[in-house]
Amino acid sequence: MKIIVTGGAGFIGGNFVYYELKNHPEDEIICLDKLTYAGNLETLEEAMKNPKFKFVKGDIADRKFVYELFESEKPDIVINFAAESHVDRSIEDPEIFLKTNVMGTQVLMDACRKYGITRYHQVSTDEVYGDLPLDRPDLFFNEDTPIHTSSPYSASKASADLLVLAYYRTYKLPVTITRCSNNYGPYHFPEKLIPLMIANALADKPLPVYGKGENVRDWLYVEDHCAAIDLVARKGKVGEVYNVGGHNEKTNLEVVKTILKQLGKPESLITFVTDRPGHDRRYAIDPTKIHNELGWLPQTKFDDGIKKTVQWYLDNRNWWESIISGEYKNYYEKMYANR
Ligand code: NAD
Ligand code: TDX
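Owing to the predicted nature of the structure, the values given are computational and were not obtained by experimental measurement. (Residues numbered from 1 in each chain as written. Chains lettered and ligands numbered in written order. Predicted model: local features only at pLDDT ≥ 70, side-chain atom pairs only at ≥ 80, totals over all residues. Heavy atoms only, no water.)

A word on the site of ligand 2. Around ligand 2, 21 residues are found, and the nearest of them are Glu127, Tyr153, Arg276, His279 and Tyr336. Backbone polar atom of Leu193 to an oxygen atom of ligand 2: 2.8 Å apart, as the coordinates give it. Of all elements in the fold, only helix H6 (193-202) and strand E8 (207-210) reach the threshold of two or more residues within the shell around ligand 2. Here the shell around ligand 2 takes three residues from E8, the largest share from any one element. By residue class, the composition of the shell around ligand 2 is nine nonpolar, seven polar and five charged. (Near = heavy atom within 4 Å. Polar contact = N/O pair within 3.5 Å; in protein donor to acceptor, adjacent residues only side chain to side chain. Helix = DSSP H or I, 4+ residues; strand = E, 2+ residues; numbered from the N terminus. Nonpolar A, V, L, I, M, F, W, Y, C, P; charged D, E, K, R; others polar.)

Structure follows, in structure tokens:
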């Protein structure tokens, strides 16, 4: 089987490449990635040594390029991770989110229709459901929860999901979608909460917590997400959406304090800053469907996952220090200097 993994030089796509090479050594993996600020070839250094792996640089929204790739490679499965993924950047500049997340998805699916595939899988997010109130711990997102987005990022992901379902209904394209909660683990770009807090704490810099730090996220170790995508793309029912999450809700403040404790750093580093506009209050996934239909269950508890993650950032300083010492400095200055 030949699988095109788009966005494989990013956080989850990179972890997925390693998951596939390990668990399906018979399959060929082609990573298609534009190498935006979030893509990093160092993440794929080990994969590059594997003859079953190939990297191709390109934009999923570039129709000519994508068609040529499909024509020459004739993939069986396409798994689309490629996206602009950061909510705060979407608030600053939404346009590229529409181009990559919506138009890019369309181009990929058109290529799938033109050249024929056995499965197109869309990696989506729980953010398409909007948020839940903090005082209703009994409420969860299931696959029938209405789409109700808050940020340009989540609106672009929801638009792509609607398009994917439309291609199934109209053209019978064999699609599946997974909507996962917040991931954490190795190769997570340092603009996101957990790696940002680890990097700042290690440098004894202030930890910028938005608002009061009461917002809740449902954290899942990235390898568990990779296992879910692998299952759904190979065995999930065509035309269906599967929610992915591990019932692991934490306030942002809880997460930040856990990181500080593990690093032996003081809580006085925590600094409350101006809230994110439109900040979603709580995400919480009901993963009953993927469990009942495909037997998926998360394997990594948060206590273990966060220890492994902190250790990974300690052991791989080169990977993230080279990011935060470059263009990222301007981003950080712009987002946090006067917050
Ligand atoms: P990321 O930002 O770390 O990586 C995105 C990758 O896509 C990068 O390698 C980037 O270079 C590539 N890319 C961007 N635009 C491209 C384009 N036009 N053409 C080709 N490649 C392009 O993102 P991530 O956190 O790994 O997220 C991967 C996917 O999972 C996204 O679709 C995201 O919406 C979804 N998701 C993420 C989370 C999370 O917690 N991070 C949770 C649920 C779903
Ligand atoms: O500096 C920060 N301070 C802070 O308090 C940052 C970067 C974040 N936060 C808060 C905002 C959120 O409540 O932490 C929480 C997590 O923030 P992010 O890491 O930016 O993730 P989130 O906005 O929840 O979105 C993530 O999960 C769903 C991914 O980035 C998305 O791609 C995915 O779809």
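Now for the site of ligand 1. By nearness alone, 28 residues border ligand 1, and Ile12, Asp33, Ser85, Tyr153 and Lys157 come closest of all. Separating an oxygen atom of ligand 1 from a backbone N or O atom of Phe81 is a distance of 3.1 Å. Tyr153 places a side-chain nitrogen or oxygen 2.6 Å from an oxygen atom of ligand 1. Surface burial for ligand 1 is 97%, taken as the share of its 830 Å² of free accessible area covered by protein chains. Sorting the residues of the shell around ligand 1 by element identifies helix H1 (11-23), strand E5 (119-125) and helix H5 (152-171) as the ones contributing at least two each. A per-element tally of the shell around ligand 1 places E5 first, with three residues. (Areas by Shrake-Rupley, 256 points an atom, 1.4 Å probe, with all protein chains shown as cover.)

To continue, consider the sheet that holds strand E1 (residues 2-6). Strand order in this open sheet of seven strands is E3-E2-E1-E4-E5-E6-E11, and the pairing throughout is parallel. The two strands at the open ends of the sheet, each matched to only one other strand, are strand E3 (53-57) and strand E11 (240-244). Recorded for the sheet is a direction-independent mean angle of 20 degrees between the axes of neighbouring strands. As judged from the five bridges shared by E1 and strand E2 (residues 28-33), these two strands associate in the parallel manner. Its bridge partner lying in E2, Lys2 is registered against Glu28. Of the strands in this sheet, E1, strand E4 (77-80) and E5 touch helix H4 (residues 95-115), which is tilted by about 165 degrees from E5. (Pairing = 2+ DSSP bridges. Axes fitted to C-alpha atoms, helices over the stretch in contact; angles between N-to-C directions. Contact = heavy atoms within 4.5 Å.)

It is worth spelling out helix H7 (residues 222-235) at this point. With 14 residues, H7 extends 20 Å from end C-alpha to end C-alpha; this agrees with the ideal 20 Å at 1.5 Å per step. Here H7 lies mainly inside the structure; eleven of its 14 residues are buried. Those residues of H7 lying buried are Val222, Asp224, His225, Cys226, Ala227, Ala228, Ile229, Asp230, Leu231, Val232 and Ala233. (Expected span 1.5 Å × (residues − 1). Buried < 20%, exposed > 50% of the residue type's maximum accessible area, 1.4 Å probe, protein only.)

The subject of this paragraph is the packing of aromatic side chains. With the rule as written, the count across this model stands at 21 aromatic pairs. Centroid distance Trp312 to Tyr313: 4.9 Å. Interplanar angle 75 degrees. Geometry classified as edge-to-face. For the pair Trp312 and Tyr313, a shared accessibility class is recorded, and that class is buried. Pairwise contacts between aromatic rings join Tyr37, Phe189, Tyr210, Tyr328, Tyr331, Tyr332 and Tyr336 into one cluster. Over the aromatic face of Phe140 sits the side chain of Arg282, whose NZ or CZ is 5.5 Å from the ring centroid. (Phe/Tyr/Trp six-rings, centres within 6.5 Å; stacked < 30°, edge-to-face > 60°. Lys NZ or Arg CZ within 6 Å of the ring centre and 35° of its normal.)

Helix H8 (residues 252-263) packs onto H6 with a crossing angle of 40 degrees between their chain directions and a minimal axis gap of 10 Å. By the angle between their directions, the pair H6 and H8 is classed as oblique. Relative to H8, H6 is oriented so that their crossing is right-handed. Residues Leu193, Ile194, Met197, Ile198, Ala201 and Leu202 of H6 form the contact with H8, whose own contacting residues are Asn252, Val255, Val256, Ile259, Leu260 and Leu263. Its residues assigned to classes, the contact of H6 with H8 comprises eleven nonpolar, one polar and no charged. (Parallel < 35°, antiparallel > 145°, perpendicular 65-115°, else oblique. Left-handed = near helix turned anticlockwise from the far one by under 90°.)

So, about the nonpolar core. Within the largest apolar cluster, 37 residues are counted, with the highest numbers of intra-cluster contacts made by Ile194, Ile198 and Ile259. Those elements that provide at least two residues to this core are H6, E8, H8, strand E13 (270-273), helix H10 (302-315), helix H11 (317-324) and helix H12 (328-336). Tallying contributions element by element places H6 first for this core, with seven residues. Membership of the second largest hydrophobic core comes to 34 residues, among which are Leu44, Cys180, Ala227 and Ala228. (Core = buried A, V, L, I, M, F, W, Y, C linked by side-chain atoms within 4.5 Å.)

Glancing now at the pattern of salt bridges. Tallied over the entire structure, the rule returns 21 salt bridges. Two residues, Asp230 and Arg234, come together in a salt bridge whose shortest N-O distance is 2.8 Å. Pair noted here: Asp230 and Arg234 are both in helix H7, with a separation of four residues, about one helical turn. The exposure class of Arg234 is partly exposed, given its relative accessible area of 25%. When salt bridges that share partners are traced, they join Glu20, Asp27, Asp230 and Arg234 into one network. (Salt bridge = Lys/Arg side-chain N within 4 Å of Asp/Glu carboxyl O.)

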